[in-house]
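The chain contents come next:
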Protein chains: 2
Amino acid sequence: METKEISQAVIGRLPRYLRYLGDLKDEGVERISSQELSERMNVTASQIRQDFNNFGGFGQQGYGYNVAYLYDEISKILGLDHKYHFVIIGAGNLGKALGNYLNFERRGFIFEGIFDKNPDLVGQDVRGVKVMAIEELEHFLKENPVEIAVLTIPKTSAVDLVNVLVDNGIQAIWNFAHVDLDVPEGILVENVHLSDSLMKLSYNINRRKAEKES
Amino acid sequence: METKEISQAVIGRLPRYLRYLGDLKDEGVERISSQELSERMNVTASQIRQDFNNFGGFGQQGYGYNVAYLYDEISKILGLDHKYHFVIIGAGNLGKALGNYLNFERRGFIFEGIFDKNPDLVGQDVRGVKVMAIEELEHFLKENPVEIAVLTIPKTSAVDLVNVLVDNGIQAIWNFAHVDLDVPEGILVENVHLSDSLMKLSYNINRRKAEKES
DNA sequence: ATCACTTTGTTAAAGGTTTGTCAAGTCATA
DNA sequence: TATGACTTGACAAACCTTTAACAAAGTGAT
């Protein structure tokens, strides 16, 4: 009942903590202080303590944090102790890349199906799953429990598809289409706008160049 | 000479403005007020005015902003009036997906080469460019002007490769490997950590579920 | 059991970002 | 040309995030 609303700034840092803690576990490190972790990660120790404290104190004075325990706790916070089922819409190279990415499976994200409207792609194999025609999507969603849809299709198709998805039980959309999706209240969207990321890079290249010249 | 350091929060929003302005241009809209744009984009009008003002006033009282002019100005700020040359390291599905993405070309990002260490992939065609062996990379970079390297390879290979890249003139790295790269001062890195993005989604699915149950 | 040392959790201050407000400039119309 | 409606740019206030500082609690050597 104690929902004190963690900021997305904090949530956004958790996966990185998890990555470093995983590395530490692999190295056989059992405990770590915020100070030591801060040096590895290039952030302030204060921020680390503050972040972890949002969830109520995983450490111990004079000792620091237990790596394995902290790793497990952050995993739970991120919901990685659950299983999620996802389908990919769009079997181009990007869709295939995501279907083939084994690390998602390790984190509990289970690849259930992949769809495309191009008949030439239908029947192709992506990690043991056959590409299905987009017409089969609705039926498939009704028959199989799927929480997440991954959209790797052009923007117009993406917008048209949203209703089919939410009407058939999809709760969250991982959106690679270059458009802001308009979804009903309660449906989650996480955008990955690759060209936005590339433009940020281009801005910074340019700015650095301008600085040098001045 | 007047470098008043724009915050990355603002820069991060510019690509989205550009997207909406492009749509407006396509719709034939000539001018728009911050109020109207804010309704379309679901942000405050105040933020829009503040953001644009970082670069010194593109609008006019009583009129609003000229869509085409604003579009061009933001393009310039993002450095999209320049050409950049990039190579992709890693010719798996993700590397191929990025090589095939025509929109990058439209924005001035020119696909020059793609490399892989897997001999089975060498010689394959990605949008008219043949996959080269990773051993050829160094020579290629010395012969061709390339500013950006796109890394779509596993993390250990990525870390090992950084020195080769920066020693041969690469200025910026668009990093899809799941690791924080340690680069010399002055080299830019833009990370795209897909699994981090997926974990954020998983956190939010979970949180929403917890809220419903309470 | 004590003591010097370590390190957290917490609070407060500093720094940044976003939003609200309004004077001043522009447009459209009579 | 005068007027009313509109809209920006600028400033201030509100809000949020990060950093600094330190008391309290635990560790570990003797």
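Check the entry above for the structure.
Residues numbered from 1 in each chain as written. Chains lettered and ligands numbered in written order. Predicted model: local features only at pLDDT ≥ 70, side-chain atom pairs only at ≥ 80, totals over all residues. Heavy atoms only, no water.

Thoughts on helix α2 (residues 34-41) of chain B
All names here are of chain B.
Inference 1: Those residues of α2 that fall on the buried side of the exposure criterion are Ser34, Leu37, Ser38 and Met41. Summarising the axial view, the buried residues of α2 lie within an arc of 105°, below the 170-degree limit, and thus occupy one face.
Inference 2: Buried residues along α2 sit against α1 (8-26), β1 (31-32), α3 (45-53) and β3 (64-66).
Inference 3: Positive backbone phi, approximately 65°, marks Asn42, located one or two places after α2. (Buried < 20%, exposed > 50% of the residue type's maximum accessible area, 1.4 Å probe, protein only. Helix = DSSP H or I, 4+ residues; strand = E, 2+ residues; numbered from the N terminus. Arc of directions from axis to C-beta. Contact = heavy atoms within 4.5 Å.)

Considering the nonpolar core
Inference 1: By size, the foremost hydrophobic cluster in this structure holds 102 residues, and its most contacted members are Trp174(A) and Trp174(B).
Inference 2: Those residues within four positions of Trp174(A) in sequence are excluded, and the remaining contacts are Leu98(A), Phe104(A), Ala149(A), Val150(A), Leu151(A), Glu190(A), Val192(A), Leu194(B), Ser197(B), Leu198(B) and Leu201(B). (Core = buried A, V, L, I, M, F, W, Y, C linked by side-chain atoms within 4.5 Å.)

Let's talk about the pairing of strand β8 (residues 148-151) of chain A
All names here are of chain A.
Inference 1: Residue alternation in β8 divides its side chains into two sets, Ile148 and Val150 and Ala149 and Leu151, and both sets are buried.
Inference 2: In this structure, strand β4 (residues 84-89) lies alongside β8, joined through four bridges in parallel fashion. The residue bridging Val87 from the neighbouring strand is Ala149, located in β8.
Inference 3: The pairing of β8 with strand β9 (residues 172-175) spans four bridges and is parallel. Pairing of Ala149 across the sheet is with Ile173, part of β9.
Inference 4: In terms of handedness, the path from β8 via helix α8 (residues 155-167) over to β9 forms a crossover that is right-handed. (Pairing = 2+ DSSP bridges. Right-handed = clockwise from strand over helix to strand, strands pointing away.)

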